[in-house]
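# Structural description and commentary
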Amino acid sequence: MVELEIDGKKVEVAEGSLVMEAARQLGTYIPHFCYHRKLSIAANCRMCLVEVERAPKALPACATPVTPGMKVFTNSEKAVKAQKSVMEFLLINHPLDCPICDQGGECQLQDLAVGYGGSESRYKEEKRVVFHKNVGPLISMEEMTRCIHCTRCVRFGQEVAGVMELGMLNRGEHSEITTFVGQTVDSELSGNMIDLCPVGALTSKPFRYSARTWELARRKSVSPHDGLGANLVVQTKNQRVMRVVPLENEEVNECWLSDKDRFSYEGVNSADRLTKPLLKQGGQWIETDWQTALEYVANGLAGIKREHGADQIAALASPHSTLEELHLLAKLVRGLGSDNIDFRLRQADFSAGLQGAPWLGMPVAEVSTLQRVLVIGSSLRKDHPLLAARLRQAGKKGARVAVLGAGGEDLLMPLAARIDVAPSGWTAALAGIARAVAAAKGVAAPAGTEGFDGDAQAKTVAEALLSGERRAVFLGNEAVRHPQFSALHALAQWIATETGATLGFLTEAANTVGGYLAGALPQQGGANAQALLETPRKAYVLLNTEPEFDSADPRRALATLSQAGTVVVLSPFRSEAALQYADVILPVAPFTETAGTFVNCEGLPQSFNGVVRALGESRPAWKVLRVLGNMLEVPGFDYDNAESVRDEVLAKPVAPQLNNATQAAIRVSAAGAGVERIADVPIYHADPIVRRADSLQLTAAARRAMQVGLPTALFESLGIQSGDPVRVTQGDASVVLPGVLEATLPANTVRVPAATSAAAALGAMYGQVKVEKAVELGAAKAAPAVTA
């Protein structure tokens with residue numbers, strides 16, 4: 001520790017700390033622009049100049065390390081004069097357009113100019129002008145003349161997002177921040193550059209000119225999208241969500257947000273929002289009142305139970321639903337005598353038999369400190385952007401990260417090993433790693449892996465996992481959806497146990513863990529999601545889900561729902577498919593309009609309240625389920641608020657969260673022949689809200705979701721150019737989509753993303769497909785039309 005004095009106050013900080021950090025610890029503010037505690041030191045704005053005793057000139061606080069006995073003066077005549085001089089230079093070329101600047105009212109330069117700027121400018125020469133740039137649908141760079149070259153955005157791309165999408169051209173006053181020639185900013189974390197920009201150079205394109213910051217009300221909330229449960233500040237005006245920014249929480253999302261969390265609010269304001277209950281009469285949809293709609297639902301469910309038995313009633317939910325909603329849905333279904341409820345709609349193999357709930361296995365913050373990591377079946381940057389950023393930070397500290405998958409996704413970090421094989425070969429590849437671990441330790445390999453010895457890559461992974469101290473084996477979303485999930489789980493568990501690593505799950509949605517805690521899955525012999533969507537029941541209740549996009553086999557799901565006698569949909573949105581298979585649609589509130597709790601991947605419950613009133617006549621889903629429970633005379637539905645429902649769930653004893661499988665046998669199979677489909681869920685198609693966020697659907701990632709990715713050999717054999725139509729046939733259905741080259745894909749695979757209208761036409765997420773050149777782009781063949 002080093003003791004120093006700042007403005008006459010003594011403070012003790014760790015050796016190697018900077019003056020800026022020491023001042024912050026003391027509560028002393030030093031003006032700055034380029035400094036940010038999460039980024040490297042640039043010291044190029046010079047606004048933080050301070051006087052240091054015996055130093056011949058003022059020094060930048062952000063780049064000056066502390067020394068024993070140092071005396072720093074942040075507010076002396078010398079320091080203030082230096083700071084005012086810097087401010088004068090910064091304002092020389094800055095336009096005086098604060099009244100029309102979108103950053104007005106929350107601009108760091110505007111704030112500091114009040115204290116350190118002159119009353120008039122001495123600069124009389126012509127000011128420079130920087131022409132605007134179009135860098136995509138999310139970030140506006142239309143006023144780059146305002147840029148003060150702090151380079152925060154450049155450093156963020158390099159150091160946190162992992163990709164340098166912005167850089168600086170030219171020198172002196174001709175310097176400007178720009179993208180590489182003709183490129184857009186496509187990082188899944190790009191919106192953080194807006195927060196980092198201390199002036200009005202980078203602003204939010206969807207929010208641009210829609211409201212002033214002082215007009216906005218601010219409320220805390222939690223993101224419903226991925227398993228992290230990022231903390232949000234939702235800003236509203238006139239009962240409408242206008243903007244979302246991060247709420248700093250070092251234990252969860254630090255001070256960052258993914259673009260999915262930041263811009264998906266457009267979806268809650270979608271034109272698809274329902275405002276009144278809809279009832280189908282004589283094949284026609286009519287608007288009705290809540291009493292009529294709820295009586296119709298209650299009488300329908302009671303009648304089916306009476307005439308066909310409770311087993312003919314089933315409920316399917318989304319893991320993006322709140323803990324309270326899932327608990328009341330499960331309680332309602334079981335109160336009717338059925339155990340047919342599930343939220344794991346994209347899962348195909350249910351034979352693993354989990355003990356407790358699948359979770360990360362560690363606090364989120366510890367991911368940044370890992371030294372050895374094996375990730376199995378995860379599109380990390382798409383599924384968990386902020387966890388990927390934490391792994392990237394671990395990689396910078398020397399962590400050795402290995403990946404087993406099929407996508408060839410660039411994780412924007414150095415990898416110790418990368419094993420990319422077709423999905424049918426994942427168990428064999430993982431068995432090879434297990435056998436390499438067994439050989440290195442001199443123990444018996446797990447039974448069932450005979451004949452699947454690993455290659456050099458497998459031995460590299462085994463060697464890495466057997467070294468270091470903090471180790472983890474993570475199963476991703478694609479592994480959980482895999483038809484051989486139980487084998488992957490058992491092999492991962494064996495590897496983790498033998499190497500001393502923590503076994504964890506990178507969970508799919510904000511409330512995947514909460515779904516287990518709420519009991520929203522079969523517990524007493526009921527049917528799982530796969531069985532419920534294969535064998536039709538008489539009645540289905542759907543909560544916040546669109547099976548045409550959210551299930552493992554969308555075609556089968558649509559066929560099953562079309563055969564049901566009664567389908568009740570609780571959703572904030574209208575969809576074309578639901579209008580075909582549903583009988584009643586009840587408008588429920590999205591997360592911005594209801595109170596609830598999400599349990600994130602580390603098992604942390606995070607509660608939130610609605611930030612605006614429910615739109616039209618829509619109602620919170622937990623209240624709708626409470627009323628239905630009372631109308632059906634199910635006991636225990638007397639709740640006054642969402643907190644009482646939450647407390648009931650969290651008060652129950654929960655099985656230890658061990659991530660262990662109860663299955664003993666490991667079944668490994670060699671990679672199949674033929675061309676296999678890779679069906680990852682695109683980042684901006686993962687749930688109903690994101691699918692309706694207009695700006696996100698204009699991104700390169702969203703456009704990519706409507707294309708077919710082809711490996712090099714197959715692309716060349718078809719004799720096509722990028723964007724030419726390609727027909728993909730799976731079973732008796734086919735779709736025609738633009739084909740693009742993805743050189744990193746395994747040779748016998750084709751990427752056709754899930755959760756899109758094309759995927760709904762094809763069917764199961766995994767399986768063999770046939771690919772051929774098509775004449776022209778057109779509609780799907782032998783498949784229902786599905787649109788969001």
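Here the structure is a predicted model, which is why all the values come from computation and not from measurement.

Reading the values: the criteria
- By convention here, each chain's residues receive numbers from 1 onward along its written sequence.
- Since the coordinates come from a predicted model, pLDDT governs what is reported: local features require at least 70, and pairs of side-chain atoms require 80 or more to be given and counted, while whole-chain, interface and lining totals use all residues.
- Only hydrogens and water are removed before side-chain values are computed, so all heavy atoms of the structure are retained for them.
- Throughout, exposure labels follow a simple rule: accessible area from a 1.4 Å probe, protein chains only, divided by the maximum for the residue type, with under 20% read as buried, over 50% as exposed, and the rest as partly exposed.
- Helix numbers and strand numbers start at the N terminus; a helix is a DSSP run of H or I with at least 4 residues, a strand a run of E with at least 2.
- Think of it as the arc spanned by the lines of direction from the helix axis to the C-beta atoms.
- Only heavy atoms enter the contact rule, under which two residues are in contact if any of them lie within 4.5 Å.
- Pairs of N or O atoms are called polar contacts if they sit within 3.5 Å, as long as, within protein, a hydrogen donor faces a hydrogen acceptor (for residues adjacent in sequence, only side-chain-to-side-chain pairs).
- Here, a strand pair is defined by DSSP locating no fewer than two bridges between the strands.
- To get an axis, fit a line to the C-alpha atoms, keeping to the stretch in contact for a helix; angles then go from 0 to 180 degrees between the N-to-C directions.
- UniProt positions are given in the numbering used here, feature names are shortened, and annotations may be inferred rather than shown by experiment.
- The pLDDT score gives, residue by residue, the confidence of the prediction method on a 0 to 100 scale.
- The way it works is a 1 Å grid over only the protein atoms, where trapped points that fit a 1.4 Å probe form a cavity and open points with protein on both sides within 12 Å along at least five of seven lines form a pocket, and then any residue with an atom within 4 Å of a point lines it.
- Grid points are joined across faces, edges and corners, and a volume is the space filled by probe spheres set on the points.
- Three categories are distinguished: nonpolar for Ala, Val, Leu, Ile, Met, Phe, Trp, Tyr, Cys and Pro, charged for Asp, Glu, Lys and Arg, and polar for the others, with Gly belonging to the last.
- Any two rings among Phe, Tyr and Trp, with Trp reduced to its six-membered ring, count as a pair given centres within 6.5 Å; such a pair is stacked if its planes are under 30 degrees apart, edge-to-face if over 60, and tilted if neither.
- As a reminder, the over-ring test applies to NZ of lysine and CZ of arginine, requiring each to be within 6 Å of the ring centre and within 35 degrees of the ring normal.
- To estimate the expected span of a helix, count its residues, drop one, and scale the result by 1.5 Å.
- By nonpolar core we mean a set of buried residues, namely Ala, Val, Leu, Ile, Met, Phe, Trp, Tyr and Cys, connected to one another through side-chain atoms within 4.5 Å.

### Some words on helix α13 (residues 456-465)
Listing the buried residues of α13 in full gives Ala458, Val461, Ala462, Ala464 and Leu465. Mapping the buried residues of α13 onto a view down its axis gives an arc of 165°, with all of them on the same face. Across from the buried face of α13, at angles greater than 90 degrees, the exposed residues are Ala456 and Lys459. The inward-facing, buried residues of α13 abut β18 (372-376), β19 (400-405), β20 (417-420), α12 (426-441), β21 (471-475) and α15 (485-499). Here α13 starts with a cap whose side-chain oxygen sits 3.2 Å from the backbone nitrogen of Gln457, and that cap is Asp455.

### Brief notes about the sheet that holds strand β11 (residues 217-222)
With respect to topology, three strands assemble into an open sheet ordered β11-β12-β13, the strand pairing being antiparallel. Every interior strand has two partners, whereas the edge strands, β11 and β13 (240-246), have only one. Mean inter-strand twist for the sheet, computed between neighbouring axes without regard to direction, equals 30°. Pairing between strand β12 (residues 231-237) and β13: six bridges, direction antiparallel. Residue Val233 lies in a different strand from β13, and its bridge partner there is Val245.

### Remarks on the UniProt feature "domain: 4Fe-4S Mo/W bis-MGD-type" (unreviewed entry) in the protein
In the UniProt entry, the feature "domain: 4Fe-4S Mo/W bis-MGD-type" (unreviewed entry) is given for residues 216-272. Secondary structure across residues 216-272 comprises 16% helix and 35% strand; the distance between its end C-alpha atoms is 25 Å.

### Focus: the confidence of the model for the protein
Mean pLDDT for the protein: 92, with 97% of residues reaching 70 or above. In the model, residues 779-788 has pLDDT below 50 throughout and makes 26 contacts with residues more than four positions away in sequence or in other chains.

### Structural notes on empty space enclosed by the protein
Using the criterion set out here, one finds nine cavities of 30 Å³ or more in the structure. Quantified by volume, the largest cavity comes out at close to 230 Å³. If you go around the largest cavity, you meet 17 residues; those closest to its centre are Arg344, Gln347, Val480, Glu508 and Thr512. Listing elements by their share of the lining of the largest cavity, those giving two or more residues are α14 (477-481) and α16 (512-517). The element best represented in the lining of the largest cavity is α14, accounting for three residues. Here the residues of the lining of the largest cavity are counted per class, giving nine nonpolar, four polar and four charged. By volume, the second largest cavity amounts to about 190 Å³.

### Overview of the packing of aromatic side chains
Taken as a whole and judged by the stated rule, the model has five aromatic pairs. Ring geometry for Phe637 and Tyr639: centres 6.4 Å apart, planes at 75°, overall edge-to-face. The two residues Phe637 and Tyr639 agree in class, both being buried. Across the ring face of Phe207, the terminal group of Arg243 is positioned such that the distance to the ring centre comes to 4.3 Å. Sitting over the ring of Phe637, Lys331 keeps its end group 5.6 Å from the ring centre.

### Topic: the UniProt feature "domain: 4Fe-4S His(Cys)3-ligated-type" (unreviewed entry) in the protein
UniProt's entry tags residues 78-117 with the feature "domain: 4Fe-4S His(Cys)3-ligated-type" (unreviewed entry), counted in the numbering of this structure. The span residues 78-117 shows a helical share of 60% and a strand share of 0%, and its end C-alpha atoms are spaced 16 Å apart.

### Let's talk about the sheet that holds strand β2 (residues 9-13)
Pairing is mixed in the open sheet, where five strands are placed in the order β2-β1-β5-β3-β4. Edge positions in the sheet fall to β2 and β4 (59-60), since each of these pairs with one other strand and no more. Two strands pair when backbone bridges link them, and strand β1 (residues 2-6) and β2 are joined in this way by five bridges, in the antiparallel orientation. Across the sheet, Ile6 pairs through a bridge with Lys9, a residue of β2. Where helix α2 (residues 77-92) meets the sheet, it contacts β3 (49-52) and β5 (71-73), and its direction lies at approximately 160° from that of β3.

### What to know about helix α11 (residues 385-396)
For α11, with 12 residues, the first-to-last C-alpha span of 17 Å sits near the 16 Å given by 1.5 Å per residue. For α11, the complete set of buried residues consists of Pro385, Leu386, Leu387, Ala388, Ala389, Arg390, Leu391, Arg392, Ala394 and Gly395. In this structure, the buried residues of α11 make contact with α4 (152-161), β18 and α10 (380-383). Where α11 terminates, the next one or two residues include Gly398, which has phi positive at roughly 105°.

### Description of the environment of Leu404
When you line up the elements, Leu404 lands in strand β19. With 227 residues separating them in the primary sequence, Leu404 and Met631 have C-alpha atoms 50 Å apart. If we skip the residues at most four places from it in the chain, Leu404 touches Val375, Ile376, Gly377, Ile419, Val421, Trp426, Ala429 and Leu430.

### So, the nonpolar core
The biggest cluster of nonpolar side chains holds 93 residues, and the ones touching the most others in it are Phe33, Ile139, Phe156, Leu166, Leu202 and Phe474. Each residue touching Ile139, except ones within four places of it in the same chain, is listed here: Val185, Ser190, Met193, Ile194, Leu202, Thr203 and Lys205. With 51 residues, the next largest nonpolar core counts Ala293, Val584, Leu628 and Leu632 among its residues.

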